[in-house]
Structures are given as C-alpha cells and as structure tokens.
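# Structural overview for review
Read off the chains here:
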Amino acid sequence: MYLDIIITLIKIAIVFGFVLNVAAILSWAERKQSAVMQDRIGANRADVLGFRIFGLFHPIADTIKMLTKEDWVPPAGDAFVHTMAPFLALFTALVVFAVIPFGDTLHIAGRDIPLQIADLNVGILFIVAFGGLGFYSVVLAGWSSENKYSLLGSLRAAAQLISYELALGLSIVGIVMVYGSIELDDIARAQGQYILGFIPYWGIIAQPLGFLLFFTAAVAETKRVPFDLPESESEIIGYFTEYSGMKFGAFWMGEFIEVVAVAGVVTALYFGGWQIPFVNNQGIFFPGLFTIPLPHVLIVLLQVAAFGLKVLFFCWFMLLVRWTLPRFRYDQLMAFGWKFMVPLALLNILVTGLFMYVF
Amino acid sequence: MKIVTQKLTTKESLYFFEIAKGLWITARHFVKNMYFHIAHLYGKYQEVPAAVTIQYPEEKIPVSKRWRGNHRINSRPDGSPRCVACMLCETVCPVQCIHIIAGEHPDPNIEKYPVSFDVDVTRCCWCGMCEEACPVDAIYMDTGKTPEPGYSREDLVYHKEQLLKETPLPNYQRSLNTPGQGPMKANPMGL
Amino acid sequence: MPTVTIDERQVTVDPGTSILEAAKKLGIFIPHYCYHPRLTIVDACRMCLVEVKGAPKLVTSCSNAVADNMVVFTDTPKVEEARQSVLEFLLINHPLDCPICDKSGECLLQNYYFCHSRKPSRFKENKVKKHKVVDLGPKIVLDSERCIVCTRCVRFCKEVAGEEILGIFNRADHSEIGVFPGKKLENNYQGNLADVCPVGALTARDFRFKCRSWFLCQIDTICPGCSNGCNAVVHFTLRNFNGLKGQRVFRLTPRENNDVNKVWLCDVGRWGYAFVDSIDRLTMPAMRKGEDFVKTDWNTALKETANRLKTLVERYGANAIGVIPSPHLTNEDLYALKCLFGCLLKIANIDFKVPGFDKGEDDKILLKADRHPNTKGAELLGLSGTGLSVEAMMDKVKAGEIKALYLAGSDPVKYMGEKAEEALSRAELVIFQGTNFNASCKLAHIVLPGATFVEKEGTFTNYQGRVQKVNKALEPLGEAMADWEIFTRLGQMLGVFPSYRSAEEVFMDIAREVAPFAGITYKKIGSQGIKLTLPEGPVLSEAKE
Ligand code: SF4
Ligand code: SF4
Ligand code: SF4
Ligand code: SF4
C-alpha cells in the first residue's frame, strides 16, 4: 500500500520534473530556435560569472524578473479570481499528464508498475475534459480584470477555444473507433501492431486526416500562433492585459506546459506512444526473420526515452509552426474552425466507420 | 477605395500544402544553421557564418569613410583646443545640443576660448552642421564612433576634455572629391 | 523752411537740418559711422556720401545742411561705389575677428558690408597689427585692430561724460584710440562707449564673451537703478540651459527718450541688473524653523502669513503691525499693498521712507541721489505719513508695541544698521517679501519671493512724475511671483479683495482711485511714458511725447 503511494509519487516526480523542465527550456528554445530559423543568434547575454552557456540563463533571469516585479491587482477587479485564474491555467495544463502513458508496464521485483500516473479507463475523456476546463482560466482572467478590453479579449478567446474543442473531440473519435478503447494505455499498446507485418500500426497511419485535424485543433487550444488571437501580446489586447509579474509568468508557463501536453497527447494517440518500431517486449525484431533479445528493463527504458524524444520532437515542431505561420484573422479563424475542421472531422468519422464496416 | 482580393487556388485554399512548403523552408534554415552552429563548436567551417547577427558592441559594422560619428575637437600644437568659442556651432545646431561657456584667454591673439564645451549627444541628430559651421575647423565628426550607452544623462554629455582626447578615424575622407582628410579650411584667424 | 527732394520724394524740414536727418524723416536710411545724433559732427568716416544735384562731388550728408530745392540721391551707382570704396578701405587692416567679436551680429561694419559691398578683399599686403585686448579701464576693453577711428568714443567722453580722456594716437593706418597719459577711464558713463562704438573695438567687460548678440531677445524696460527712470532695453535670453543657475539677463542698453535720458545710461543702472540672476535670488517661499529656513510652497506660506497677521490684528489691533514697502516696487505692487494693509487690515503704520534711502550720490547728469525707481509713485500712492515713520516703528518694535513688521522689498538693515537689526530680531513676526536674500531677510520669519523688474509688468513713476512702463521679459525665477500677485492672494485669504489677474487690472484701479493717475492707461503710457499732473508744484500739462 505505502509502496504503491511511493511509486506513484516517484512517477509524479519524474513526469512533472520532465514536463516543467521542458516547459522552462521551451521558453529558451523558443528564442533560440526562432533565431536559428531566422539566421540569427538569439538571446545570449545573460551570464553568470562570465559563463553564457548559449543563453540558458535567460529563463532564470526571466523568472527573477517576474518574481521581483510588482504584483498588481486592478483595484476594481476581483482580487481572488484574478489571482486564481493563472493557477487554474497551470493546473489544467499539468493535470493532463496524469493519464499519458510514457512506457510499457514495468515488471520489477515481482510487481507490475504501469508507467502512467493514473490508469483511468476514461483517459481520453479526461484529457478533453481538462482541456475544456482550461478556458475558464481565460474567461475568469478577463472578467476579474475589470477592464473591458480584457473582457472582450477573454470572450474572443473563449469562443475560439470552444470552437476548436469541438473539432478536437470529433477528431479523436476516429482513433477511439480504430483502437476500440478510450484508455490511453490500451491505445498506446494497440499501436504496437503491424500492418502487413512491417508497417507500424500507429495512429498517424490509421488516421492521417484525424491526425492533421487533431494536431491543428490542439495547437489552437494552446493559443499559439497561428491561433494566438487570445493573446497576441504585441498587437491585439488579450485577456491578460492586466496581469503582471509572476501571475503573467504563470500564464506564460501554462502555455508552454500546454505545448508539452499537446505533444504528449499527440504522441500517445498518433505516434505510437512509447512504442519503438520493431522493438517488442522481447527485444529488437525484424519482421519474419529473427529477434535480438534484450533485457526487459532496458527495453522499458528505451521506450521511455523514445516517448520523451517524440514529445521533444513535437515541441520542436510546434515551435517551428509558431515561427513559420502568420496569424489568422478572427473571421478566418472561426470560419476555418466551423466550416472546415468540424465537417472534415465528421467526414473522417464517416470514412473510418465505412472502412471498419467493410473490413 | 478599391479593395483587391486575391482569389486562392483550390490547392492554396487547402492551406496544407502551403503550410508544408513554409515549414520546409524554415526547417531547412533551422537544420542548416544548426549544423554550422554545431560545426563551429568543434572549430569546423569557421568561415561559413551560421547567423548574420553582428554582436554589437563587441563587433561593429565597419563604417564608411565619410561617416559622421561622435564629435571631436581639434587641438592646437600645444594641445589646447582650436575652438575659439565663437558659438557658431551652438547657433547652427538645430537641436541646441552644444553649450559653450567662453572665457578670456591670457594670450590677446587668441582672446576667446571655451572654458567649457559640452555636446549633449542625447539630443544630437548627427546632422554635421556644427562641423560645417565652424570657422576654424575645431569641431570634427570623424571619430567613427557612436555614443556609448550610459547610466545617466550626464554620461551622455561629452565635455571638452573628452572631446579633445578623441582621435580621427584612419582614412577618414572629409570631402567627396578629395581623398584623405582634405585640406583644412583657410583660417581667417591665423591659427 | 527748406524743402528738399530726396530720392524723388519731398520733405520740408527746419533750416540747418542735415541731409542725413532729413532723409531719416522720409524713412531713407543713409549708412554712417562717425555721425551720432547726440555728438558733434566730424565728417570722418565718409560713409554717408550722397549725390546732390549740381554738386561737383559727392557730399557728406551728415555735415551738409539742406538747402531749399536741393535734390539729393542716396542710392545712385556713384554713391554705392563710394560706399564700397569706403568699406574696402575700412576693411584693409580689419582683423575680421567676427567669430569672436562681441559686436558681431550688431556690427555696423558687418551690416554695411553685407548691404553695400560683398566684395572680396583685394589687399595682398600684410595687415597692420595693433594692440588687442587693451584695458581702457576696469570696465571697457579696446581692440585697436577693430577700430575704424570714427572718434565717436573720443567725442562722447568729451561732450557727454564731460572729461577728455580718450584721444587718437599715431597717424594714418597706425592710428589707435588710447587714454591720455595720467588719466583713467573711470567715469560713470563708460558703458555707453560700447554702445556708441559702431564696431567691436570697445566692448564692455561685463558682457564680454558671455553671450552672442543673436541669442538675445530684447524688450523695453525702465532702468531700476535710480529715480531718474532712464529708458532702457533689456537683453535677455531664453536659452538658459542651467535652470535656476544660469544667466538670463545679459545687459541693459539705453533707449531714446529726450525728456529723460536722451540716449544714455549710466553705469550704475546699466550694470545693476546682476541681482536678477544672482545666486542669492529667493526662488521659493520659506519659513523659519529655529535658525534655519525651510522651503515650503506658496499655499502654506501664504496661509501661515495670513493666519498670523489675522491673529495679531485680532489680539493687539491693527497698530501692532508695521509695513515698510520699498520704492523698488512698481505702482501696481504698491497699490495692491496699500489696498491690503491700508484698506483691508486698516493698518496705519505704512512708511516707505527708510532713513537714508535717498542719500546716494547725485552726479548731475543722469544718476539721482535717490536710488529707487518709484519713490514718486510711492509718495503719490500715499505710502508715507499715514502713521508712524520707519524710525518710530523701529522704536515701537523695540518697546514691544509693534509686534510684526512686513518688509515689502525694503531692507531697513542696510540703511539703519544695528537699530533695525535689533528691532527685527525683537519683533514677534517679520515677513520679508523681496527678490534677493539680504540682511533684513536673514531676520525674517516668513520669506516670500518676489519678481524682479524684468519678470513682471508694471509702471514706475520717476522723479519728474513721469509714469513709465516696464515689461515682462522672463518668467519669475523658480516659484517667485509678482508682488501685486502675492498681495492679491494674501488679500483674498484675509477678506474681500479684488481678484486682480494682471498688472494692467491693478493699474486700471489706480487710474480710477488715485487722482494724479486719472485717465491714464497702459496704452497711453506707451514706450515713452506720460507725465503726471502733480498735485503740488507747477501744474504740468499731460505732455505727450
Ligand atoms: S551634428 Fe548637428 S545636432 Fe549634432 S551637435 Fe552638430 S549641429 Fe548639433
Ligand atoms: S564653431 Fe568651432 S570655433 Fe566656434 S564654438 Fe563651435 S567649435 Fe568652437
Ligand atoms: S568689428 Fe564687426 S566686422 Fe570687425 S570683427 Fe567685430 S563684428 Fe567683425
Ligand atoms: S573705438 Fe569705436 S567709437 Fe572709438 S574711434 Fe574706434 S570705432 Fe570709433
């Protein structure tokens, strides 16, 4: 019993350690990657005792700056809600990781340890539900600021989030149909199959359209370019206009955590989760030929590493998207969501259904 | 007002291919630059730049031979300023950033000299009119320098002593037609 | 009355008028150097040559009187050529110091060169070197190289200042102005030398190198140096980069007024402006805390003043307060003071005649013994003789009968010495209102900064009873305020008081209430002033100049 709790705590520590660190590094990576993409060098001035280590001190400097800034609450606003909103944003983004499996079940000392914090049998619903909850933080932030521009910004953001929530949910239906489960663990495991014996039966192979729709909608949920109308720090007034200091920083961190979360979910659903092609729980195998046996623990570790790498790849990819595309206009954004994504998602379900009926 | 809208082709209106194209370009830049960045870490391909950034203030763009930089006051052979405190530069300066306090020089042939000569570079617009107005070629803008940032406004007011110490940029070309420093103006005051 | 035709226009002038003056009447300006309307004519510079029909040669317009039916041309090619030749000769040995010459910008050599010549020099030989920076006295510097030997300075000393001090030494292009051996240039009018000199040969030490003439703005004013009320122009700059520390007023130059100062100014007045920007100017209201003064704001200072005056009046009656105004204040200031203390607070002890205030030295030319510009005004406004004299007030203060003294610009300690000092230090409340820190201010409990004559509008009444106007050139330094404004604000705190918004409004009240000023407005005063019909003495007509 106690051991179970300890094991769960360790898992939480590992996952949160990973997520929070990646999120922090993303704030550095965002600067550096955009710089490299644009033939620049990027932030590299913060130094400690003359060491600059590629500007890695910048996130620390940022944090110090945020923490020491004035924490301002609009006098006419609702101080409690105003303070809670950023925490809500952080919380909903973080809690999604509870259901994401990051490795196969580990058999060690006679115990079966699933490498997933909570093996909920409603995994996907959990993710969608908490993703949907995130928009409360936006609305509350805008409302409690007692600033009509913030409020308008938050309503605009809420409209966007709800619209894309729909497309997001519908696009997942395809995956659920294909793998026949809404448990993420099962879905990850099911992706270990092979079509014709050598093509990994990953979500992206089974549901290419579903993947595109899901990924697009998920980016829209993170409120990042090209769907960054809710924030758009530089031009339009967004819901966190009245935030300063670390509360603003919390929104900012929440956004990066969401990026990691989306990367995690996409990996789990469409990119084989922790699966490594041609590695099963015996070792490396070549379809129809032979197998190189590997110790169980090593295989699990490899799988965890693979999961991590996949997540990092998607983080990178989302930064790439963010620094490549321009922003949608608001009417385009809504039209795209309702007139393009939703019908396509429905079509995807239909086609998937047809396929499943036929085969 | 005529609004011109460009109709998207079907392929473009799908966004997907266009986005893929864009991502391809940025990803290519990323990979290429990353490759050279890493190569540089190992001391390879130093000659291929991975970024176009110029790391100011450690690196500076070489300035043109005729570029107007910070001011400088020419000195007489004995080291005192050539300036006779006529205040013509102060007069002509469009932003009133030169402040001179004149004093009586012990030598009656010099008569007037600047007790203090301040150029407030926070206001200066580098128009070069002071250089042109000076009847004795005392103020030049050939140092090729830009103002160093300072922590107070006072840091950005250059005083006589500072201005006297500055040296001209080698190869500075004062006039378009003459190479080198160009002849000094004929000096009506026989300096 | 001869009638002449100058440049095809006719004018009738008094017999004996020179061609130059006749032309001036027509608005035709004939350039000249040595001619000065107030000095004898010497015919030296040859710049004023004009063509007279029938005359074989060009004639000098300054020394030739007009004759009836004379036909004069002032801008024929021949005249222009003559001017160019004169300029070329003048410039042969001229050092062309313009960049460092104080006259530059207002130099007649420069001006005429640009108007009439603009020819490059043809002189290839070496210029004659002469003495530079020669001290003629402590106040005037001579640069012989720049001198064009017009002798205006020589004539000025002889004819106006009344002393033959300057003369020409050596001959031809070696001639130099100099002081006669054994004599010194130390009269009270040498400042005018810098004005009469058409070029930069004579410059005033006081102005030398301080400022360039083109940085200066000018506005008409009245010299506050003595009760003569000489008309002057104040030269000031708005380019003061040092805030409260920099110099804003640079010089006073005379302005023509035939009835007062002709075109001269004495040195006492000319160089007496220094207090305007001096380091001891009061710029903030202050209150005494123990030994020190603490700066405060106007509201606090005025409220404190009003409260304490009110309490004193209530407790001891109006006679427990003495008011000593200064004849340095304008009529407007003094009238507001009288309204406040005389009418509102019913104080009778108002006297501006601090013993010895008019015992300066009278030089019988311009400078008067009374070194205050508005003594007459103060008298006419009845600021003396209503109650105790200053001397009696001081005694009463010592006796403890007068509790408070209000010093409006006056400095009794300066004139009465220890007696006043003792009285002031005994008084329960001393309020000092003035422009500069002084010995009396040191003993005050409340200090209210006033504006100087260049910082406010107003009028002075000179010893003849001529009302003349000073104009506001600059904003008061720091938080200082025009005195009438201080009295107005104080009055409104103490009771019903007219809400004056400008000095002109105060003056309108003066014209209504004070008999000698009846019917006068700022407009009527104009630039030359207006002479009052004085109650006593010979009745003078309202002379309109
Ligand atoms: S460069 Fe122009 S703005 Fe700058 S000091 Fe000279 S005249 Fe003034
Ligand atoms: S113009 Fe030349 S000589 Fe005159 S004050 Fe300026 S720097 Fe000095
Ligand atoms: S006197 Fe006149 S012309 Fe001569 S140096 Fe002075 S300003 Fe120039
Ligand atoms: S010093 Fe001036 S006023 Fe005197 S003679 Fe020379 S130019 Fe004339």
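Residues numbered from 1 in each chain as written. Chains lettered and ligands numbered in written order. Predicted model: local features only at pLDDT ≥ 70, side-chain atom pairs only at ≥ 80, totals over all residues. Heavy atoms only, no water.

## So, the overall build of chain C
What counts, and what does not: For helices the rule is a DSSP run of H or I covering at least 4 residues; for strands it is a run of E covering at least 2, with both sets numbered from the N terminus onward. For every residue, the accessible area (1.4 Å probe, protein chains only) is compared with the maximum for its type, and the residue is labelled buried under 20%, exposed over 50%, or partly exposed between those bounds. We call two residues in contact when some of their heavy atoms are within 4.5 Å. Note on areas: Shrake-Rupley with a 1.4 Å probe; residue coverage comes only from the protein chains shown.
Secondary structure assignment for chain C yields 15 helices and 22 strands. Each principal axis of the C-alpha distribution contributes one length, and for chain C these read about 90 × 50 × 40 Å. The buried share among the 545 residues of chain C stands at 57%. Put simply, of all contacts in chain C between residues at least 6 apart along the chain, 65% involve residues at least 24 apart. Summed over all atoms, the accessible surface of chain C reaches about 23000 Å², with 52% contributed by carbon and sulfur.

## Brief notes about the packing of aromatic side chains
To keep it simple, the criterion reads: The aromatic pairing rule takes the rings of Phe, Tyr and Trp, using the six-membered ring of Trp, and pairs them if the centres are within 6.5 Å, calling planes under 30 degrees apart stacked, those over 60 edge-to-face and the rest tilted. We count a charge as sitting over a ring when the NZ of a lysine or the CZ of an arginine lies within 6 Å of the ring centre and within 35 degrees of the ring normal.
Going through the model one piece at a time under the given rule, you end up with 50 aromatic pairs over all chains. Aromatic rings pair up to connect Trp202, Phe211, Phe214, Phe215, Tyr270, Phe271, Phe313, Phe314, Trp316 and Phe317 of chain A together with Phe30 of chain B into one cluster. A cation sits over an aromatic face here: Lys403 of chain C above Tyr316 of chain C, 4.6 Å from the ring centre.

## A closer look at the nonpolar core
The following threshold applies: In this text, buried Ala, Val, Leu, Ile, Met, Phe, Trp, Tyr and Cys residues form a nonpolar core when linked through side-chain atoms within 4.5 Å.
Core analysis: the biggest nonpolar cluster contains 77 residues, and Leu26, Phe214, Val260 and Leu269 of chain A have the highest contact counts within it. Here this core gets 13 residues from one element, more than from any other, and that element is helix H9 (residues 245–270) of chain A. Setting aside its immediate chain neighbours within four residues, Leu26 of chain A contacts Phe256, Val259, Val260, Cys315 and Leu319 of chain A. By size, the runner-up hydrophobic cluster in this structure holds 62 residues, among which are Tyr33, Ile140, Val196 and Leu367 of chain C.

## A word on the site of ligand 2
Note the threshold: Proximity is defined per residue: any heavy atom of the residue falling within 4 Å of a molecule or strand makes that residue near it. Think of it as three bins: nonpolar holds Ala, Val, Leu, Ile, Met, Phe, Trp, Tyr, Cys and Pro, charged holds Asp, Glu, Lys and Arg, and polar takes everything else, Gly as well.
Surrounding ligand 2, one finds 14 residues, the nearest of these being Cys83, Cys86, Met87, Cys89 and Cys134 of chain B. Along the lines of polarity and charge, the residues of the shell around ligand 2 split into 14 nonpolar, no polar and no charged.

## A look at helix H11 (residues 330–358) of chain A
Residue and element names in this part refer to chain A. Heads up, the condition is: In this analysis, the expected span of each helix is defined as 1.5 Å times one less than the number of residues it contains. Bend is computed residue by residue as the angle between axes fitted to the seven residues ending at the residue and the seven residues starting at it.
Here H11 contains 29 residues, and its C-alpha end-to-end distance of 41 Å stays within 8% of the 42 Å for a straight helix at 1.5 Å per residue. By the largest-angle criterion, Phe336 marks the main kink of H11, which is about 30°. Residues of H11 that are buried sit in contact with helix H5 (148–179) and helix H8 (208–221).

## Concerning the sheet that holds strand S7 (residues 140–142) of chain C
Backbone-to-backbone hydrogen bonds join strands into a sheet, with any given pair of strands oriented parallel or antiparallel. Residues and elements named next belong to chain C. The following threshold applies: Only when DSSP finds a minimum of two bridges between them are two strands counted as paired.
Strand order across the open sheet formed by three strands is S6-S7-S10, with antiparallel pairing between neighbours. At either end of the open sheet lies a strand with only one pairing partner, and these are strand S6 (134–135) and strand S10 (202–204). Alignment of S7 against S10, held across three bridges, turns out to be antiparallel. In the sheet register, Val141 faces S10, and the bridge partner there is Thr203.

## So, the site of ligand 1
Close contacts around ligand 1 come from 14 residues, with Cys93, Cys124, Cys127, Gly128 and Cys130 of chain B the closest. Grouping the amino acids of the shell around ligand 1 by side-chain chemistry returns 12 nonpolar, two polar and no charged.

## Side note on the pairing of strand S8 (residues 166–169) of chain C
All names here are of chain C. Across four bridges, the pairing between S8 and strand S9 (residues 176–179) is antiparallel. Looking across to S9, one finds that Phe169 is bridged to Glu176. Hairpin connection between S8 and S9: a loop of six residues separates the two successive antiparallel strands, and Asn170 in this loop has a positive phi of roughly 65°.

## Concerning the packing of H5 of chain A against H11 of chain A
Residues and elements named next belong to chain A. Our working definition: The convention used is that axes are lines fitted to C-alpha atoms, helices contributing only their stretch in contact, and that angles between N-to-C directions extend from 0 to 180 degrees. Each angle is binned into one of four classes, with values under 35 degrees roughly parallel, values over 145 roughly antiparallel, values of 65 to 115 roughly perpendicular, and all other values oblique. In this scheme the crossing of two helices becomes right-handed for a clockwise turn of the near helix relative to the far one and left-handed for an anticlockwise turn of less than a right angle.
The interhelical angle for the contact between H5 and H11, taken along N-to-C directions, is 15°, at an axis separation of 9 Å. Put simply, H5 runs roughly parallel to H11. Note on packing geometry: the crossing formed by H5 with H11 is left-handed. For the contact of H5 with H11, the class distribution of residues is 19 nonpolar, eight polar and one charged.

## Here's the deal with the pairing of strand S16 (residues 321–325) of chain C
The side chains of a regular strand alternate, residue by residue, between the two faces of the sheet. Burial runs high along S16 of chain C: five of the five residues are buried. Side chains of S16 of chain C alternate between two faces, with Ile321, Val323 and Pro325 of chain C and Gly322 and Ile324 of chain C buried alike.

## Section: helix H2 (residues 77–92) of chain C
Residues and elements named next belong to chain C. Given a rise of 1.5 Å per residue, 16 residues ought to cover 22 Å, and the 22 Å separating the end C-alpha atoms of H2 matches this to within 8%. Inspection of H2 places Val79, Ala82, Arg83, Gln84, Val86, Leu87, Leu90 and Leu91 among the buried residues, and these make up the whole buried set. Of the surrounding elements, those touching the buried residues of H2 are strand S3 (49–52), strand S5 (71–73) and helix H3 (108–117).

## Quick look at the interface of chain C and chain B
Quick reminder of the rule: Put simply, buried area is the surface a 1.4 Å probe can reach on two separate parts but cannot reach once they are joined, added for both. Within this document, salt bridges are pairs made up of a side-chain nitrogen of Lys or Arg and a carboxyl oxygen of Asp or Glu, the two lying within 4 Å of each other. Polar contacts, as counted here, are pairs of nitrogen or oxygen atoms within 3.5 Å of one another; within protein the pair requires one atom able to donate a hydrogen and one able to accept it, and residues that are adjacent in sequence qualify only if both atoms are side-chain atoms.
The interface is formed by 18 residues belonging to chain C together with 20 residues belonging to chain B. Taking both partners together, chain C and chain B bury about 1700 Å²; carbon and sulfur atoms supply 60% of that area. The three residues of chain C that bury the most area against chain B are Ile100, Phe209 and Phe241 of chain C, which together make up 37% of that side's buried surface. For the pair chain C and chain B, the number of links is five salt bridges. In this structure, Glu111 of chain B engages Arg208 of chain C in a salt bridge whose closest nitrogen and oxygen atoms are separated by 2.9 Å. Where chain C packs against chain B, one counts seven residue pairs in polar contact (both at pLDDT 80 or more). Looking at the side of chain C that touches chain B residue by residue, the class counts come to eight nonpolar, no polar and 10 charged.

## Let's talk about the interface of chain A and chain B
The interface is formed by 21 residues belonging to chain A together with 22 residues belonging to chain B. Both faces considered, chain A and chain B share a buried interface measuring about 1700 Å² in area, 70% of it formed by carbon and sulfur atoms. Where Arg45 of chain A meets Glu58 of chain B, a salt bridge forms, and the shortest distance between an N and an O atom there is 2.9 Å. Put simply, the parts of the chain that give the side of chain A that touches chain B at least two residues each are helix H1 (2–37), helix H10 (296–322) and H11 of chain A. At four residues, H10 of chain A tops the list of elements feeding residues into the side of chain A that touches chain B.

## Quick look at the sheet that holds strand S5 (residues 157–158) of chain B
Residues and elements named next belong to chain B. Reading across from one edge, S2-S3-S5 is the order of the three strands in this open sheet, with antiparallel pairing throughout. Looking along the sheet, the strands with just one partner apiece sit at the ends: strand S2 (98–104) and S5. Here strand S3 (residues 112–120) runs beside S5; their pairing, made up of two bridges, is antiparallel. Within the sheet, the bridge partner assigned to Val119 lies in S5 and is Tyr158.

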